[in-house]
Amino acid sequence: MADNNSDAPKQKIGQKHPTPTPGNGDRVFYETLYRQRPESEMAQEWCVNYGVLPEEEAAKLYKKIQKRKAAAKSVGGSSSPGPKSEKKKGTSSSKKKKSKKILDDVEFDAGMGAGGDEGIGLAAM
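Okay, so let's go over this structure. Here the structure is a predicted model, which means the values were calculated and not measured. (Residues numbered from 1 in each chain as written. Predicted model: local features only at pLDDT ≥ 70, side-chain atom pairs only at ≥ 80, totals over all residues. Heavy atoms only, no water.)

### Considering helix α3 (residues 55-75)
Over its 21 residues, α3 runs 30 Å from end to end, which matches the ideal 30 Å to within 8%, given 1.5 Å per residue. Among the residues making up α3, those that are buried are Ala 58, Leu 61, Ile 65 and Arg 68. Down the axis of α3, the sector holding all buried residues measures 90 degrees, keeping them to one side. Along α3, exposed side chains directed more than 90 degrees from the buried face belong to Glu 56, Lys 60, Lys 63, Lys 67 and Ser 74. Looking at the buried positions of α3, the neighbouring elements they touch are α1 (25-36) and α2 (41-49). (Helix = DSSP H or I, 4+ residues; strand = E, 2+ residues; numbered from the N terminus. Expected span 1.5 Å × (residues − 1). Buried < 20%, exposed > 50% of the residue type's maximum accessible area, 1.4 Å probe, protein only. Arc of directions from axis to C-beta. Contact = heavy atoms within 4.5 Å.)

Dropping the structure here:
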């Protein structure tokens with residue numbers, strides 16, 4: 001049997017998604033952002049994940065991204081929240097006050113509703 005992998009396009013290091021066409025809006029945005037601000041972490045990750053950079057540049061950025069993610073993970077970056085998310089007794093009473101204010105806002109009617117006989121063009125009659 002023929003090897004099916006030879007038909008598939010070769011993925012670059014760090015690539016997770018198929019490479020979009022050059023006219024794709026996301027690709028244009030992130031490539032432009034990366035050209036204008038090469039230090040942009042968002043642009044670096046997108047360009048590596050979608051394989052739009054040359055092999056050498058993608059390999060360098062992939063290593064840089066891995067180091068950045070490892071550093072963020074060891075520091076306790078933005079992954080899952082730890083046990084620090086315990087609620088204090090004082091915050092529950094402030095939540096009740098906030099929810100009451102929201103209910104009061106719901107009861108307020110600004111008079112913007114349209115009735116059955118109101119409509120565009122009827123004011124001229």
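Next comes the rest of the description.
### Some points on the pattern of salt bridges
Summed over the entire model, instances satisfying the criterion amount to five salt bridges. Between Arg 27 and Glu 31 there is a salt bridge, and its shortest N-O distance comes to 3.2 Å. Placement of the pair is Arg 27 and Glu 31 together in helix α1, with a separation of four residues, close to one helical turn. For Arg 27, a relative accessible area of 13% gives the class buried. Taking relative accessible area as the criterion, Glu 31 reaches 21% and is therefore assigned partly exposed. What you see here is one network of salt bridges that share partners, running through Glu 41, Glu 45, Arg 68 and Lys 69. (Salt bridge = Lys/Arg side-chain N within 4 Å of Asp/Glu carboxyl O.)

### What about the packing of aromatic side chains?
Tallying each qualifying case throughout the model produces three aromatic pairs. When the centroid spacing of 4.9 Å and the interplanar angle of 80 degrees are considered together, the rings of Phe 29 and Tyr 30 count as edge-to-face. By relative accessible area, which is 17% here, Tyr 30 ends up buried. Ring centres of Trp 46 and Tyr 50 lie 4.3 Å apart, and the angle between their planes is 20 degrees; this geometry places the pair in the stacked category. Here the aromatic cluster, defined as three or more aromatic residues joined through ring pairs, consists of Phe 29, Tyr 30, Trp 46 and Tyr 50. (Phe/Tyr/Trp six-rings, centres within 6.5 Å; stacked < 30°, edge-to-face > 60°.)

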